[in-house]
Amino acid sequence: MNLPSVQFTKEQEEFRVEVRTFLQRELQKGTFQTKCDSWLSGSDPAFSKLIAEQGWIGLTWPKEYGGAERSSIDRYILTEEFLAIGAPVAAHWFADRQTGPLLLRFGTEFQKKLFLPKIVKGECFFAIGLSEPNSGSDLASVRTKAEKVEGGWIVNGAKTWTSNAQDAHFMITLVRTEPVSEKKHHGLSQLIVDLKSEGVTIAPIRYLTGEHHFNDVFFDNVFVADDMVVGAIGNGWAQGLAELAFERSGPERILSTFPLLNETIEELKRRQDINGLAHAAKLVAELWSLRNLSIGVAKVLEEGGEVGVPAALVKSVGTKFEQKIPEVVRMLLDVYPHLQAERDLDRFLAESTLHAPGFTIRGGTSEVLYGIIAKGVLAR
Ligand SMILES: Cc1cc2nc3c(=O)[nH]c(=O)nc-3n(C[C@H](O)[C@H](O)[C@H](O)COP(=O)(O)OP(=O)(O)OC[C@H]3O[C@@H](n4cnc5c(N)ncnc54)[C@H](O)[C@@H]3O)c2cc1C
């Protein structure tokens, strides 16, 4: 990997302080409660609206669509601060991270003008409709189909594990617009489905914690107008791959359990447990290295470079790291994990332990990523 190292500018350090101060103040006011894995399971539309009021959604997007035209490093700093404090940013996460960049790259002018300003205002959330009951890693086998009718498409099928569909207004949905041929990556397209449309049913799938975070989404003769096709019909596979680069390498693949690590270090300091702190220091050193890789990928992405392999690497190593934190904490401290515990440490451990199995599955399983890395290295 040949990733650049990034030095933050004075302005960027000041921006970090501004974001951190705001979040600390809101935490103290009781606007939110710190939570592990908050970027995916902490959905709070009112909090997303508050973030939008600061101008912090669509930070890198063009001003003509409501964005702030700031750098991807600024956005990296912003998301790092959200994750470090465990703020409930899940409602707008996909729209900000994925849908906006997708529409900027492949969307029509009509779509950009319709959706981007609403996303920026925290008034429009998106879900990601890729996985199906029999298609996960092997996404090209999706069977949800869209058939051409006058003025649009009729969609039938089902998506599963759809995060936050219950709060989302629309879903970028990968569908088959041509029958399966020998080249199964062909004939796929991306449609923007209005989740309030007639024929859409959203059914919760409960987490191990009992929380309602993801869903089954069923389509029964759902009409989608022609102007809701993203990019070109038949180009869905290539467009989806471009989206995955934004999905895989961000700080959310390293920091999902950071509130637990942070609280553990505070507790070890209170106890003056030098041995425990030495173990925690190893985790911090690992985190620092992963973070540098992740920031390097963000920089290359901003410059339009190819990041498929490094993004897969960061995701596979980063998510194993996130999973390791609750394992190590259990050995270091006498914690009593409970989701309703009063002590943060106990609650964070319960959240981290119960959410951790999903870290190496969501966004592409580790095994699939190893395949991408191996093929990428062999192709050099
Ligand atoms: C918390 C969470 C949130 C999610 N949110 C969303 C969402 O919002 N939208 C969405 O579309 N999906 C979402 N998903 C689904 C996720 O993308 C899929 O679960 C994932 O891609 C794996 O697909 P699968 O579950 O069908 O498993 P499978 O693909 O059936 O895999 C089963 C096992 O086989 C292994 N395997 C499969 N293929 C290979 C291969 N080629 N080589 C080696 N091993 C292989 C896998 O690594 C895995 O261990 C979410 C999942 C989780 C856990």
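Residues numbered from 1 in each chain as written. Predicted model: local features only at pLDDT ≥ 70, side-chain atom pairs only at ≥ 80, totals over all residues. Heavy atoms only, no water.

We apply this condition: UniProt positions are given in the numbering used here, feature names are shortened, and annotations may be inferred rather than shown by experiment.
By the naming in an unreviewed UniProt entry, the protein is Acyl-CoA dehydrogenase, taken from Ureibacillus sinduriensis BLB-1 = JCM 15800. For the record of the protein, the UniProt heading Cofactor (unreviewed entry) holds the text "FAD".

What to know about the UniProt feature "domain: Acyl-CoA dehydrogenase/oxidase N-terminal" (unreviewed entry) in the protein
Selection criterion: A run of H or I in DSSP becomes a helix once it reaches four residues, and a run of E becomes a strand once it reaches two; helices and strands are each numbered from the N terminus.
Within the UniProt annotation, "domain: Acyl-CoA dehydrogenase/oxidase N-terminal" (unreviewed entry) is assigned to residues 9–123. As a span, residues 9–123 carries 66% helix and 0% strand, and end to end its C-alpha atoms are 32 Å apart.

Some points on unusual backbone geometry
For D37, which is not glycine, the phi torsion reads 60 degrees and is therefore positive. By the secondary structure assignment, D37 is in the loop between α1 (10–29) and α2 (38–41). Despite not being glycine, W161 has its phi angle at roughly 60 degrees, a positive value. If you trace the backbone, W161 turns up in strand β3 (residues 152–163).

Quick word on the pairing of strand β2 (residues 145–149)
This is how the line gets drawn: Any two strands with at least two DSSP bridges between them are considered paired.
Note: β2 against β3, 5 bridges, orientation antiparallel. Bridge assignment links K145 to a residue of β3, and that residue is N156. Counting the residues that bridge the hairpin from β2 to β3 gives 2 residues, and of these G151 lies at a positive phi of roughly 80 degrees.

Brief notes about the pairing of strand β1 (residues 126–129)
The two faces of a sheet get side chains in turn, since along a regular strand they alternate between them. Rules: Burial classes follow relative accessibility: with a 1.4 Å probe on protein chains only, a residue under 20% of its type's maximum area counts as buried, one over 50% as exposed, and anything between as partly exposed.
A two-sided burial pattern is seen for β1, the buried positions comprising F126 and I128 on one face and A127 and G129 on the other. One ladder, built from 4 bridges, connects β1 with strand β4 (residues 170–176); its direction is parallel. Bridge assignment links I128 to a residue of β4, and that residue is I172.

A word on the nonpolar core
Definition in use: In this text, buried Ala, Val, Leu, Ile, Met, Phe, Trp, Tyr and Cys residues form a nonpolar core when linked through side-chain atoms within 4.5 Å. The criterion used for residue contact is that any of the two residues' heavy atoms lie within 4.5 Å.
Grouped together as the largest cluster of nonpolar side chains are 94 residues, with contacts concentrated most on W56, F115, I119, F126, L191 and I192. No other element matches helix α4 (residues 72–85), which puts 7 residues into this core. Leaving out residues up to four positions away in the same chain, L191 has contacts with A146, W153, V155, M171, I172, T173, V175, V224, M228 and V229. A245, V307, A311 and V314 belong to the second largest nonpolar core, which has 6 residues in total.

Focus: the site of the ligand
To keep things clear, this is the line we draw: Near, as used in this document, describes a residue that has one of its heavy atoms within 4 Å of the molecule or strand being considered. Whenever two N or O atoms come within 3.5 Å, that pair is a polar contact, provided that in protein one can donate a hydrogen and the other can accept it, and provided that, for residues adjacent in sequence, both atoms are side-chain atoms. Only the protein chains shown count as cover for residues, and all accessible areas are computed by the Shrake-Rupley method using a 1.4 Å probe. All amino acids are sorted into three groups, where Ala, Val, Leu, Ile, Met, Phe, Trp, Tyr, Cys and Pro are nonpolar, Asp, Glu, Lys and Arg are charged, and the leftover types, Gly among them, are polar. Residue ranges assigned to the domains are those given by an automatic or database domain assignment.
Lining the immediate environment of the ligand, one finds 17 residues, of which S131, S137, W161, T365 and E367 sit closest. At 2.8 Å, a backbone N or O of I128 approaches a nitrogen atom of the ligand. Separating a nitrogen atom of the ligand from a backbone N or O atom of W161 is a distance of 2.9 Å. Protein burial of the ligand: of its 970 Å² of free accessible surface, 63% is covered by the chains. Sorting the residues of the shell around the ligand by element identifies β3 and α12 (366–378) as the ones contributing at least two each. The element contributing the most residues to the shell around the ligand is β3, with 3 residues. Residue composition of the shell around the ligand, grouped by class: 8 nonpolar, 7 polar and 2 charged. Taken domain by domain, the shell around the ligand gets at least three of its residues from each of domain 2 (127–235) and domain 3 (249–378).

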